[in-house]
Amino acid sequence: MRAASEIGLSIFVALLVVGLSACGRLAEQIETAPLFQNVADGVAFVGDAQCATCHEEEFTGYQSHGMAQGFRRLTSEIAIEDYSGVVVHHAESGYYYVARPANGQYVQEEFRLDALGSKTHQLVRTMDYVIGSGSAARTYLTEVDGRLYELPLTWYTQTNSGEGSWNFSPGYLESNGRFDRTIPSGCMSCHNGTSQPVAHVEGKYESLSLGIGCEQCHGPGELHVEARLLESEPADSIDLTIVNPAHLPIGLRLDVCQQCHTNGAVMVLRDGETASSFRPSQSLAQHEAIFGTGREGANRINVISHADRMKQSECFTLSRVMDCVTCHNPHEGFRDAGPSYFNTTCIGCHAVEGLQTALASSPNKSDHTVQSNCFSCHMPKVAAEDAPHASFTDHDIRIVRDDNVIFAAGSDGEVALQPYYERDEDGPEAEVYTGMAYVVYGRRNGDVSAIERGVTMLARALPERPEIGEAQYLLGFARLQLGRTSAAIAPLEEAIRLNPDVPERLNTLAQAYEATGRDPATIEQLYRRALTVQPAEASIRTNFGRFLEANGRLDDALAEYQRSSVDEPWLASAHYNLGTAYLRRGQTALGEQSLRAAVQLQPTHSDALTNLGVLAGSRGDTNAAAAFFARAVDANPRNANALANLALATANAGDMTQAQQFAQRALAIDPNNANALQVMAAQ
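The rules behind each value
Residues numbered from 1 in each chain as written. Predicted model: local features only at pLDDT ≥ 70, side-chain atom pairs only at ≥ 80, totals over all residues. Heavy atoms only, no water. Helix = DSSP H or I, 4+ residues; strand = E, 2+ residues; numbered from the N terminus. Buried < 20%, exposed > 50% of the residue type's maximum accessible area, 1.4 Å probe, protein only. Contact = heavy atoms within 4.5 Å. Lys, Arg positive; Asp, Glu negative; His and termini not counted. Charge placed at Lys NZ, Arg CZ, Asp CG, Glu CD. Salt bridge = Lys/Arg side-chain N within 4 Å of Asp/Glu carboxyl O. Disulfide = S-S within 2.5 Å. Pairing = 2+ DSSP bridges. Axes fitted to C-alpha atoms, helices over the stretch in contact; angles between N-to-C directions. Core = buried A, V, L, I, M, F, W, Y, C linked by side-chain atoms within 4.5 Å. Phe/Tyr/Trp six-rings, centres within 6.5 Å; stacked < 30°, edge-to-face > 60°. Left-handed = near helix turned anticlockwise from the far one by under 90°. Nonpolar A, V, L, I, M, F, W, Y, C, P; charged D, E, K, R; others polar.

> Hey, could you go over the overall build of the protein chain for me, with residue numbers and the actual values?
Along the backbone of the protein chain there are 29 helices and 16 strands. Classification of the 683 residues of the protein chain by burial places 48% in the buried group. For the protein chain, the proportion of contacts with a sequence separation of at least 24, taken over those separated by at least 6, is 56%. Across the protein chain, the centroid of the 51 positively charged side chains sits 5 Å from that of the 82 negatively charged ones.

See below:
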């Protein structure tokens, strides 16, 4: 069988070379890119509806394409999921989830159960948007005041014998983000590219478009519309007012697709770029630095590795003209088109008659007819590592052997980031972006060694490229995370000097200044500057409130907490800080209300549970107090205050042996805890 495969490979290559002229007709090859005018700064997007007025056929065909259906509102008309009440359990955190209809909408409910099966906690979030066309999976977003959050459950359409089933969204099984995972503009730029994010607030949007639109591949349309309203046809053969990817050289043409279909573990934007600043006809390498990891095998495949896999194919390397649209018409859907849709393209280069002659004595001859399904053998479906419960077509077109169908990660161990672009392989700039990637990777994966490596590289390379502001910020941020507060200050100050209007940088420097005892007036100025740039950044406002409270300005702090809890109502820390501030002012009812809101959002908020226990005890409700303290200890076994209060409650209940055990645990964490010392002194 191996011999037959090897013979087949040599014939395959020969036929491909012979068939180049046929393939060459599929796409025009132009060596230099025309200077398309609509990619200049300031040219506005016009929206798909405007495009449809002149390009009705392309627009209508595109509506059945998966990209057009990649981001939509979830309605009963497009609902394909099972809403019969299937419950999914996250054992590590103890949460249960179910997707169900409610009041004309669909929701995902989170709850917990006690030993008797009764619900002890419940949160319900609406499923407002669906991401994914449904060929493999559909993931859901909920919207609150323009903020988008990913929901824990995804519908996997390929599971359960093709009937589909509910399971956790990618990453949730390993680390359950519950309802707190915001959707940054980097994600949205590839699911509905012309949405308008609110500057400097992750996950908040001024406007949302639905699906990938025409301008994602053709660039902003304002200039083109204006020109065509004045003159129906362009003066030249190429209309320079709008990008047509067919007129781009192969590298830039592939970049149009690879802006969203590029395989990498970490992506770092180049200095001055934003998540939505790339334009078709520009070089993607000038827009971002991409890195894989040393843990990836050569055959690793993920959801967006199609172009990388295709470029390994001899169909690509020998033809010199093949690209994504050789097989995929971007203006029409193909999910239900059947095998002939793609086989026609294959046969255009690999004539059946020639294959039959070449394989005359091979047992594979019968598999190479006009009716054969070429891609079922030469582009098999394989599991993608970053999308559980789904399989995807491997775009490395080849003769499949046992030694090249293994799609598994490499060995564990220290991560070794590998650059995707040659420009990131050597030199000070390359080391800067690699160092940034290590910090980003380490922060995302909780890998301290990766952060350490990133810090070392940035400290070494930044003196030669000090103008890269985000690198300065990441060096300072990483040092702060590693406890090297004094060393963090200089790069943070330099990052702000390079761009004084980035709230995240101002907030981080303020925290570093606090930790090193700098002048409170200077710290306050940093917080106020950050909130002037972006008043809606609730987490920074909560930090500012905490700073004010620590400096004896309780009323000012209370005002900041109140606004934070309104601006981002799901921010548990804002409700907790608001509750404790109310209690300090003697407003017990309001304080308890805010603490309960914090616990409702985060049932494992140990400090909030402890304070609720104290409030219950102050009312004489000792049973409720003990229950709150027990929940607080269960949520955080190293919370000395919770342990000490549980010790007091247990002592008051008459169990001194158990009480002193709790007290001893508290004193092991905080040797000066007064409540624990009181219990230990009791006879």
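> Describe the pattern of salt bridges, with residues and values.
Taken as a whole, this structure holds 32 salt bridges when the rule is applied. Arg465 is the salt-bridge partner of Glu467, the closest N and O atoms lying 2.5 Å from each other. Linking Glu592 and Arg619 is a salt bridge whose minimum nitrogen-to-oxygen distance equals 2.9 Å. Taken together, the residues span a long stretch of sequence, with Glu592 in helix α24 (residues 588–601) and Arg619 in the loop between α25 (606–618) and α26 (622–635) at a distance of 27 residues. Counted as one network, the salt bridges with shared partners bring together Arg309, Asp394, Asp396 and Arg398.

> Describe the state of the cysteines, with residues and values.
Defined simply, a disulfide is a covalent bond joining two cysteines at their sulfur atoms. The final tally for this structure, using the stated rule, is 1 disulfide. Here Cys190 engages in a disulfide with Cys260; their sulfurs sit 2.1 Å apart. Between Cys190 and Cys260 the sulfur-sulfur dihedral comes to about -95°; the bridge is accordingly left-handed. Of this pair, Cys190 sits in the loop between α5 (185–188) and β10 (196–197) while Cys260 is found in the loop between α8 (250–258) and β12 (266–269), placing the two residues 70 residues apart along the sequence. Among the residues examined, Cys190 registers a relative accessible area of 24% and is labelled partly exposed.

> Would you mind going over the sheet that holds strand β6 (residues 129–131) in detail, with residue names and values included?
One open sheet accounts for 5 strands, arranged β1-β6-β7-β8-β9; its pairing is antiparallel. The two strands at the open ends of the sheet, each matched to only one other strand, are β1 (71–73) and β9 (165–168). Strand-to-strand twist in this sheet, taken as the mean axis angle between neighbours without regard to direction, amounts to 35°. The pairing of β1 with β6 spans 3 bridges and is classified as antiparallel. Within the sheet, the bridge partner assigned to Phe71 lies in β6 and is Ile131.

> Describe the sheet that holds strand β16 (residues 418–419), listing the residues and the values that go with them.
One open sheet holds the 3 strands; their spatial order is β12-β13-β16, and the pairing between them is antiparallel. Looking at which strands have only one partner, the edges of the open sheet turn out to be β12 and β16. As paired elements, β12 and strand β13 (residues 288–292) share 4 bridges and run antiparallel to each other. In the strand pairing of β13, Val266 is matched with Phe291.

> Could you give an account of the nonpolar core, naming the residues involved and the relevant values?
In globular proteins that are soluble, nonpolar side chains generally tend to be buried together. The biggest cluster of nonpolar side chains holds 54 residues, and the ones touching the most others in it are Val432, Met436 and Leu458. Look past the residues within four positions of Met436 in its chain and what remains in contact with it is Val268, Leu458, Ile468, Glu470, Ala471 and Leu474. Within the second largest apolar cluster, 29 residues are counted, among which are Tyr576, Ala647, Leu648 and Leu667.

> Lay out the packing of aromatic side chains in plain terms, naming residues and giving numbers.
The final tally for this structure, using the stated rule, is 17 aromatic pairs. Seen in terms of ring centroids, Phe71 and Tyr129 are 4.9 Å apart; in terms of plane orientation they differ by 20°. Their pairing is stacked. Of this pair, Phe71 sits in strand β1 while Tyr129 sits in strand β6, placing them 58 residues apart in sequence. Judged by its relative accessible area of 0%, Phe71 falls in the buried class. What makes Tyr129 buried here is its relative accessible area of 3%.

> Before we move on, could you go through the packing of helix α17 (residues 469–481) against helix α19 (residues 503–515) and cite the residues and values that matter?
As a packed pair, α17 and α19 sit with axes 11 Å apart at the nearest point and diverge in direction by 35°. In the crossing of α17 with α19, the sense of the turn from one axis to the other is left-handed. On α19, the residues touching Gly469, Glu470, Tyr473, Phe477 and Leu480 of α17 are Glu504, Arg505, Thr508 and Ala512. Looking at the contact of α17 with α19 residue by residue, the classes come out as 4 nonpolar, 2 polar and 3 charged.

Any functional reading would require information that these geometric values do not contain.
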